[in-house]
Amino acid sequence: MYRVDLNCDLGESFGAYKLGMDEDILPFVTSANIACGFHAGDPAVMRKTVALALKNNAAIGAHPGLQDLVGFGRRQLDISAQEAYDMVVYQLGALQAFVKAEGTSLQHVKPHGALYNMAAKSQPLAAAIAEAVYKVDPGLILFGLSGSELVAAGEKIGLKVAHEVFADRTYQLDGSLTPRKQPDALITNDEEAVAQVVRMVKEGRVASRQGTDVAVKADTVCIHGDGAHALAFAQKIRESLLDSGIAVKAIGD
């Protein structure tokens, strides 16, 4: 039987600035990646998002990013492996405190944005992030781009890993995501996104922008909650997965 986790990046509001549709999206996902204050989020947002995830029975994960609020963590910064380690430990600790205060525990860790993409290709950064997660809690699951250096580093150090694929992003021939600055980076057609997800889960393949299929492993599918049609998209993805005979469950279940 096919099964997959459905995750979404949440808790990305900050102060007076509201981003995303967390309350609306949460009923349709099984894992919530909650921002930890570096690229987005703040203490109040973290607390509220943890409570919302619990209310909707979504497993909770930390979503640590680069310390770049202005760039929303999507700009590459020239950081060392040691800096990556320190950033992840710090942010994990912050969210872990809110999670513990609510009487529950973290399921996973998924780096955000540029940190995620950098670690997908850089072995030193990937190893530093994996070590940070392992030393904070070796029982946590590390989410990383399918087939990337990050999942390899997680497996090497002894973590359970989840190979992640994306519903609304296009792929390059090397298995990486098309950079957001390129006009063809995002998939905005619901039917196209659904077809891509179902194929990745059932066939383990995705078409690259170069026209050649790339092999992927789909343990968890990311959808984004900040698009104009995010709610309808989340509903359609979940319904289509179920209609295709794919069970939707949190990765830790």
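A quick note: this is a predicted structure, and the numbers were derived from the prediction, not measured.

Conventions adopted
Each chain carries its own residue numbering, running from 1 in the written order of its sequence. Given that this is a predicted model, residues contribute local features only at a pLDDT of at least 70 and side-chain atom pairs are listed and counted only at 80 or more, while totals for whole chains, interfaces and linings are drawn from all residues. No hydrogens and no water enter the side-chain calculation; it runs on all heavy atoms of the structure. Elements are defined by DSSP. Helices are runs of H or I of four residues or more, strands are runs of E of two residues or more, and each kind is numbered from the N terminus. How far a helix is expected to stretch is found by multiplying one less than its residue total by 1.5 Å. Partly exposed describes any residue whose relative accessible area lies between the buried limit of under 20% and the exposed limit of over 50%, with all areas from a 1.4 Å probe on protein chains only and scaled to the type maximum. Directions drawn from the helix axis to the C-beta atoms are what define this arc. A contact between two residues is defined here by any heavy atoms of the two lying within 4.5 Å. We define a salt bridge as a contact between a side-chain nitrogen of Lys or Arg and a carboxyl oxygen of Asp or Glu at a distance within 4 Å.

Some points on helix H8 (residues 230–243)
- Taking 1.5 Å of rise per residue, the 14 residues of H8 would be expected to cover 20 Å, and the 20 Å separating its terminal C-alpha atoms lies within 8% of that figure.
- If you check which residues of H8 are buried, you get Ala230, Phe233, Ala234, Ile237, Arg238, Ser240 and Leu241. The arc that holds the buried residues of H8, viewed along the axis, is 165°, so those residues lie on one side.
- Looking at the buried side of H8, the elements it contacts are strand E1 (2–10), helix H1 (22–25), helix H7 (190–203), strand E9 (220–224) and strand E10 (246–248).

Notes on the pattern of salt bridges
- Under the counting rule described, the total for this entry stands at ten salt bridges.
- Across the pair Arg75 and Asp68 runs a salt bridge whose closest N-O atoms are separated by 2.6 Å.
- For Asp68, a relative accessible area of 6% corresponds to the buried category.
- Close ionic contact of Arg199 with Glu203 constitutes a salt bridge, the shortest N to O distance being 3.0 Å. In this pair, Arg199 and Glu203 are both assigned in helix H7, four residues apart and thus about one turn of the helix distant.
- Residue Arg199 is classed as partly exposed on the basis of its relative accessible area, which comes to 25%.
- Each of the salt bridges in this network shares a partner with another, and the network as a whole consists of Arg199, Glu203, Arg205 and Asp213.

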